[in-house]
Every structure is written in structure tokens, then in C-alpha cells.
Amino acid sequence: MEGTSIRLASSDDISVIVHQRRQMFVDMGGADVNKLDIHDPGSETWLRVKLGQGEYVGWVADAEGRNVGGAGLWIMDWPPHPDDPTARRGCVMNVYVDPAYRRQGLARALMTSLLAWAREHGVRILILNASREGRGLYESLGFTTTNEMTLLMAGDSA
């Protein structure tokens, strides 16, 4: 990790974040290239809006003059919960490290920065979807498995 720095993402990083998000889905397996081609422009638009509104905060790992990894936090409007009376929840997303830089502590450093920011800004509940490879990291940081389920609704637009 020597020579690597963690910084807040800016709008200049959006195209790289979109590329990393795409690679994250590819690395998890089963990504349909045609769906990703449709996904990417929508992700870029969404990120521009949410980053501009302060509803998305991102972190970037820079090494050798380029962005080699990142992590993001989407601050969502959410109903109060017994563990948190505020109407906010953080969704950790877009955690990715370039394969050449993996196993060097970058994902942990990105997540540590994200968690520190969340604490400082009063975001008390964080959720995420973990890949098999990322599960150990998240568990070591205190994340626990919940009973969340997913249903993909069939539709003509997907």
C-alpha cells in the first residue's frame, strides 16, 4: 500500500467509478455484457446527480498517478428504525480494487475512511451487498448478515 493515497472522489472520477462498478459486476460472475452496456450510462447519470446533491460520497485509492480502487456511500432517506431514530441510512456500494492492487489493504483503507466519515456525519446504520470475496473484510469491520431478501420483478424495460 506504500505510495497509495485515499481521497474523496470528485465529479472528475465518475467515469472511472462507472468503469470500476462494471468490473465489480464482471468479477462477481454472470454479468451480461449487453445489460452492462445499458447500465453504464444510467450509472454515470445517477452518480453525477447524487454526488452533486451530496447524497453519494465516494473515496478513491490513487497509486502511481491513477485511480486503482474506490468505495462509495449512498445516503438514503429511510424511515426511522428502533436502532436509529434518524431518517437516514447508508448503503455501501462500488467497493472495488484493480486486480493488480488487491491483497494490499486498499479495500480495508477505503472502508475505514468510509466508516470514519459515516460516524462523523451521524450515519448510524450501514447496509451493503457483499461478494464472497469481500465478506471476510466486511465481517472483520463489524458487518453482520441480516435477513434481507431480494425479488427482481419481471418487466419489459429490464
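Residues numbered from 1 in each chain as written. Predicted model: local features only at pLDDT ≥ 70, side-chain atom pairs only at ≥ 80, totals over all residues. Heavy atoms only, no water.

Student: Got a minute to help me understand the overall build of the chain in this structure?
Tutor: When helices and strands are counted, the chain shows four helices and five strands. Taken from N to C terminus, the helices and strands of the chain fall in the order β-α-α-β-β-β-α-β-α. Since a compact globule built from 158 residues should have a radius of gyration of about 15 Å, the 16 Å found for the chain is in line with a globular shape. Taking the principal axes of its C-alpha atoms as reference, the chain extends roughly 45 × 40 × 30 Å. (Helix = DSSP H or I, 4+ residues; strand = E, 2+ residues; numbered from the N terminus. Rg over C-alpha atoms; globule rule 2.2 N^0.38 Å.)

Student: It is not clear to me how the packing of helix 3 (residues 106-120) against helix 4 (residues 132-140) should be interpreted in this structure. Could you clarify?
Tutor: When two helices pack together, their arrangement is given by the angle between the helix axes and by the axis-to-axis distance. Relative to each other, helix 3 and helix 4 sit at 45°, their axes nearing to 11 Å. Compared by their axis directions, helix 3 and helix 4 come out oblique. Judged by the sense of rotation from one axis to the other, the crossing of helix 3 with helix 4 is right-handed. Contacts from Ala107, Arg108 and Met111 of helix 3 reach helix 4 at Leu137, Tyr138 and Ser140. A breakdown of the residues in the contact of helix 3 with helix 4 according to their chemical character gives four nonpolar, one polar and one charged. (Axes fitted to C-alpha atoms, helices over the stretch in contact; angles between N-to-C directions. Parallel < 35°, antiparallel > 145°, perpendicular 65-115°, else oblique. Left-handed = near helix turned anticlockwise from the far one by under 90°. Contact = heavy atoms within 4.5 Å. Nonpolar A, V, L, I, M, F, W, Y, C, P; charged D, E, K, R; others polar.)

Student: Got a minute to help me understand the confidence of the model for the chain in this structure?
Tutor: Interpreting fine coordinate detail is not advised for predicted regions of low pLDDT. Looking at the chain as a whole, the pLDDT averages 91, with 97% of positions reaching at least 70. Across the chain, helix 3 holds the top mean pLDDT of 97, while helix 1 (residues 14-28) sits lowest at 92. (pLDDT = per-residue confidence, 0-100.)

Student: Honestly, the sheet that holds strand 1 (residues 4-8) in this entry has me stumped. Any pointers?
Tutor: Strand pairing in a sheet relies on backbone hydrogen bonds. The paired strands run either parallel or antiparallel. Within the open sheet, the five strands sit side by side as 1-2-3-4-5. Their pairing is mixed. For this open sheet the edge positions go to strand 1 and strand 5 (126-128), each flanked by a neighbour on one side alone. Between one strand axis and the next, the sheet turns through 25° on average, direction left out of account. Pairing analysis gives eight bridges linking strand 2 (residues 56-63) to strand 3 (residues 66-77), with the strands arranged antiparallel. Within strand 3, the position partnered with tyrosine 56 by the bridge is tryptophan 74. Each of strand 2, strand 3 and strand 4 (88-97) touches helix 2 (residues 33-53); the most contacted strand, strand 2, lies at about 105° to it. (Pairing = 2+ DSSP bridges.)

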